[in-house]
Amino acid sequence: MKGRICSLSAEAFVTLATTDSYCMGATVVARSLRRHGTTRHIVAMITPNVSEQSRLALNDVFDEVIVVDVMDSEDYHHLCLLGRPELGITFTKIHCWTLTQYSKCVFLDADTLVLCNVDELFDRDELSAAPDPGWPDCFNSGVFVFRPSLHTHTSLLHHASRHGSVHDNTRLHGLRRKFFYLQVCSCRFGHGAKIIHFLGADKPWSSQGNSSYSHNMEQFVSLWWKEYLIHTVSSAPAVQPKQEQKKPQ
Ligand code: UDP
Ligand code: MN
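Every value quoted in this text rests on a predicted model; they were computed, and no experiment measured them.

Enquirer: So what exactly am I meant to see when it comes to the packing of helix H1 (residues 20–35) against helix H6 (residues 215–230) here?
Expert: Packed helix pairs are specified by the crossing angle of their axes together with the interaxial distance, meaning the distance between the axes. Two elements in contact, H1 and H6, have axes whose closest approach is 9 Å; the angle formed by their N-to-C orientations is 90 degrees. Classified by the angle between their axes, H1 and H6 sit roughly perpendicular to one another. Contacts from Met24, Gly25, Val28, Arg31, Ser32 and Arg35 in H1 reach Trp224, Trp225, Glu227, Tyr228 and Ile230 in H6. Counted by class, the contact of H1 with H6 contains six nonpolar, two polar and three charged residues.

Here's what the structure looks like:
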C-alpha cells in the first residue's frame, strides 16, 4: 500500500514520535491517512531512543522514517504551570523544516486521527493552522501546513533558543497575521471535523478503560483503537501503553 511513486511525491504528511507510546499514535495517523486514500508521502520523524520494535512497526506503514535529534525547550517552569511538563520535547517538531526533499508538507501531531481525505490541505500556504482552543490568539501546532526550508529551520532554532516554548507561542502573535487559519480541525466537539486532535494529557493509547473523555469524544477514541488494532500483528506484541508520558500533573 505504501511507497507509491506519483507526481505528487514531493509533498508529504509528517508526524513526530519521540517515545514508543507516541509511535502508537503515529501508526494511527499513517493508517488513517492511507485509509482515506492520500496521494502524498507519509513521513515519521523519530528520535534515537525509540525502540527497534517500534521503528520496524513504523517502517511498515510510513514511506520514510527519519531519525532526528531530540530538542527540548527546557521551559520546565511554564510547562509545569500548564500541567504538561513533558511537552518541552515537542520542540523537536522544528526539525520538520529540514525535510527539503519535499516542497510542501502538512504536519500532524501523533495524537491526531484523520476522518476523511484531507489532501486539500496542500492547497494552503505556509503557515496555515487552526486556532488553539485554549488560546485562540495563537495557532495550535497539532496540524499545520509548512514549506521545508533550512533557512526557516535555522531562524526557528534561533527564535526557540531565545524565547522558550510558552513565550515562543506568545511571541508568534506577531506573525499571526500571516497565517491562514484552517477550518478543517475541530478539536472539541468533533461535529463535521475532518481531523480529530486528542490534545491534552489524556491520549487514546493511555486511556483504555479509564478514560476521562466526554461521551462525544469516546466514539473517536473507539475509532482510534479500531485503527490501531486492525493490522497490529500478534507476533510482534502491540506496544503497551507505557506510563512514560503520564508525568505527574
Ligand atoms: N511528542 C512526542 N513525544 C512526547 C511528547 C510529544 O513525540 O513525549 C510529539 C507528538 O507528535 C505529539 C506532539 O509532539 O503529538 C505534541 O505533543 P502532544 O500532542 O502531547 O501535545 P498536545 O497536542 O496535547 O498539546
Ligand atoms: Mn497533540
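Enquirer: Explain H1 to me, please; I cannot follow it from the model alone.
Expert: Because each turn of an α-helix spans 3.6 residues, side chains separated by three or four positions end up pointing in the same direction. The terminal C-alpha atoms of H1 lie 23 Å apart, and with 16 residues this matches the ideal 22 Å at 1.5 Å per residue to within 8%. Here H1 lies mainly inside the structure; 15 of its 16 residues are buried.

Enquirer: Looking at this model, I keep getting lost on the environment of histidine 215. Mind explaining?
Expert: Along the chain, histidine 215 turns up in helix H6. The sequence separation of histidine 215 and glutamate 120 amounts to 95 residues, and the corresponding C-alpha distance is 30 Å.

Enquirer: Explain H6 here, please?
Expert: Taking 1.5 Å as the rise per residue, H6 with 16 residues should run 22 Å; its terminal C-alpha atoms sit 23 Å apart, in good agreement. Taken as a whole, H6 has its buried residues at Met217, Phe220, Val221, Trp224, Trp225, Glu227 and Tyr228. Each buried residue of H6 lies within a common arc of 160 degrees when the element is viewed along its axis, so the set occupies one face. Opposite the packed face of H6, turned more than 90 degrees from it, sit the exposed residues His215 and Lys226. Along its buried surface, H6 packs onto H1, strand S5 (112–114) and strand S9 (195–197).

Enquirer: Explain the pairing of strand S1 (residues 11–17) here, please?
Expert: Residues in a regular strand project their side chains so that they alternate between the two faces of the sheet. Of all seven residues in S1, seven are buried, a share of seventy percent or more. Side chains Glu11, Phe13, Thr15 and Ala17 project from S1 onto one buried face, and the interleaved Ala12, Val14 and Leu16 project onto a second face that is buried too. Where S1 lies against strand S4 (residues 104–108), four bridges are found, and the strand directions are parallel. Its bridge partner being in S4, alanine 12 is matched across the sheet by cysteine 105. Sheet topology places S1 next to strand S2 (residues 41–46); six bridges connect them, and they run parallel. By the bridge assignment, alanine 17 is partnered in S2 with isoleucine 46.

Enquirer: I'm lost on the site of ligand 1 in this one. Help?
Expert: Taken together, the neighbourhood of ligand 1 is formed by 16 residues, with Leu16, Thr18, Tyr22, Asp111 and Gly200 sitting nearest. Within the contact set of ligand 1, an oxygen atom lies 3.0 Å away from a side-chain nitrogen or oxygen of histidine 197. One nitrogen or oxygen atom from the side chain of lysine 203 is found 2.8 Å from an oxygen atom belonging to ligand 1. When ligand 1 sits alone it has 520 Å² of accessible area, and the protein chains cover 92% of it. Residue classes in the shell around ligand 1 are distributed as seven nonpolar, four polar and five charged.

Enquirer: Help me understand the coordination of the manganese ion (ligand 2), please; the structure alone is not making it clear to me.
Expert: Geometry reference: four tetrahedral donors at a metal, ideal angle 109.5 degrees. Six octahedral donors, ideal angles 90 or 180 degrees. Donor atoms from the polypeptide that bind the manganese ion (ligand 2) are Asp109 (OD), Asp111 (OD), Asp111 (OD) and His197 (NE2), placed at 2.1 to 2.3 Å. For the manganese ion (ligand 2), the six donor atoms in the first shell make angles of 57 to 171 degrees at the metal, so the coordination geometry reads as irregular. Spacing between the donor residues of the manganese ion (ligand 2) along the chain follows D-x1-D-x85-H. Look at aspartate 109 and you get buried, because its relative accessible area is 15%. Here aspartate 111 falls in the buried class, since its relative accessible area comes to 3%.

Enquirer: Quick question: what am I supposed to make of the environment of leucine 229 here?
Expert: One can find leucine 229 in helix H6. Taking the C-alpha atoms as reference, leucine 229 lies 9.2 Å from valine 28; in sequence the two are 201 residues apart.

Enquirer: Whenever I open this one, the pattern of salt bridges confuses me. Can you help?
Expert: Applying the stated criterion across every chain, the model contains eight salt bridges. Across the pair aspartate 125 and arginine 147 runs a salt bridge whose closest N-O atoms are separated by 3.6 Å. Here arginine 147 lies in the loop between strand S7 (139–146) and helix H4 (150–163) and aspartate 125 lies in the loop between S5 and strand S6 (128–131), a separation of 22 residues in the sequence. One network of salt bridges, in which partners are shared, links Glu11, Arg40 and Asp119.

Conventions adopted
- Residues numbered from 1 in each chain as written.
- Chains lettered and ligands numbered in written order.
- Predicted model: local features only at pLDDT ≥ 70, side-chain atom pairs only at ≥ 80, totals over all residues.
- Heavy atoms only, no water.
- Axes fitted to C-alpha atoms, helices over the stretch in contact; angles between N-to-C directions.
- Helix = DSSP H or I, 4+ residues; strand = E, 2+ residues; numbered from the N terminus.
- Parallel < 35°, antiparallel > 145°, perpendicular 65-115°, else oblique.
- Contact = heavy atoms within 4.5 Å.
- Nonpolar A, V, L, I, M, F, W, Y, C, P; charged D, E, K, R; others polar.
- Expected span 1.5 Å × (residues − 1).
- Buried < 20%, exposed > 50% of the residue type's maximum accessible area, 1.4 Å probe, protein only.
- Arc of directions from axis to C-beta.
- Pairing = 2+ DSSP bridges.
- Near = heavy atom within 4 Å.
- Polar contact = N/O pair within 3.5 Å; in protein donor to acceptor, adjacent residues only side chain to side chain.
- Areas by Shrake-Rupley, 256 points an atom, 1.4 Å probe, with all protein chains shown as cover.
- Donors = N, O, S within 2.8 Å, 3.2 Å for Na, K, Ca; no water.
- Tetrahedral: all angles 85-135°; square planar, octahedral: opposite > 155°, others 65-115°.
- Salt bridge = Lys/Arg side-chain N within 4 Å of Asp/Glu carboxyl O.

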